[in-house]
Amino acid sequence: MLLLYLIIDCPKDIEIKIPNFSNPITDDIELTVPFTAQNENNTSLEIYEPYQDNTYTTNEKNETSVSKTLRIGYGTETITRGGQVRRVQEGDQITKEEAIDDLKRILKDVTKPFVVKELNKRGVNFEKLQPKVQVVILDIAYNYGGDHKTLYSTFLTAIQKDSITNSTGALIQELERRAAMGAGQVPRRRRQEINYLRG
């Protein structure tokens, strides 16, 4: 399931740096959070889930219907506050730090376990992938689908091919193919991932 998002004005003063790989940080979640947060906050996109400090509604389409989902922060349906997690409610507000906490929790507890399991089925060890590949594949799984754990088989096949040669060519090719498919694939997000892999 892909999500179509409303155009939303959001704060312009949010600055999140993409990780520099000369930095000693090696934890995949710590590397992914700034990349995903920056791209979720990219307001130049027409179809996106930007950072919001209050609740907003997105339209989610499937084959037969459109439903509305209440979100906050970096496109999540939950709030992580004081170590507790709850569903977003109308009128909620959130700080940038709380939004980052929720993003980090989802990447760690929802997205990564799903990605690791799906790759294991293909004989690929997530922990042995290049750090940039780890970041991009977590970002892909977070961005596709409302549950932040969607990874299409074409991505899995590409990663499987690249893992044999320790390269990124097949994944980049699949991202380019998706970007060319148009707005439903969030092409600018896919190009950001391509540039990140090539950088």
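Here is a short report on the structure shown in this document. Fair warning: this is a prediction, and the values are worked out from it, not measured in the lab. (Residues numbered from 1 in each chain as written. Predicted model: local features only at pLDDT ≥ 70, side-chain atom pairs only at ≥ 80, totals over all residues. Heavy atoms only, no water.)

**Some words on the side chain of Arg-190**
Mapped onto the fold, Arg-190 is located in helix α6 (residues 187-198). Assessed through its relative accessible area of 0%, Arg-190 is described here as buried. (Helix = DSSP H or I, 4+ residues; strand = E, 2+ residues; numbered from the N terminus. Buried < 20%, exposed > 50% of the residue type's maximum accessible area, 1.4 Å probe, protein only.)

**Digging into unusual backbone geometry**
One can expect most non-glycine residues to show negative phi and most peptide bonds to be in trans. The residue His-148 is not glycine, and still its phi comes out positive at about 60°. A relative accessible area of 5% means that His-148 is categorised as buried. At Asn-166, a residue that is not glycine, the phi angle is positive and equals roughly 55°. Relative to the helices and strands, Asn-166 is located in the loop between α4 (153-165) and α5 (169-179).

**Side note on the pattern of salt bridges**
Scanning all chains against the criterion turns up 15 salt bridges. In this structure, the salt-bridge partner of Lys-112 is Asp-28, at a minimum N-O distance of 2.9 Å. Here Lys-112, found in helix α2 (residues 96-121), pairs with Asp-28, found in helix α1 (residues 28-40); they are 84 residues apart in sequence, far enough to count as distant. Note on accessibility: Lys-112 and Asp-28 belong to one class, buried. Of the charged contacts in the structure, one is a salt bridge between Glu-193 and Arg-189, with a shortest N-O distance of 4.0 Å. In this pair, Glu-193 and Arg-189 both sit in helix α6, four residues apart, roughly one turn of the helix. Assigned by exposure class, Glu-193 and Arg-189 land together as buried. Overlapping salt bridges, with partners in common, bring together Asp-139, Arg-189, Arg-190 and Glu-193 in one network. (Salt bridge = Lys/Arg side-chain N within 4 Å of Asp/Glu carboxyl O.)

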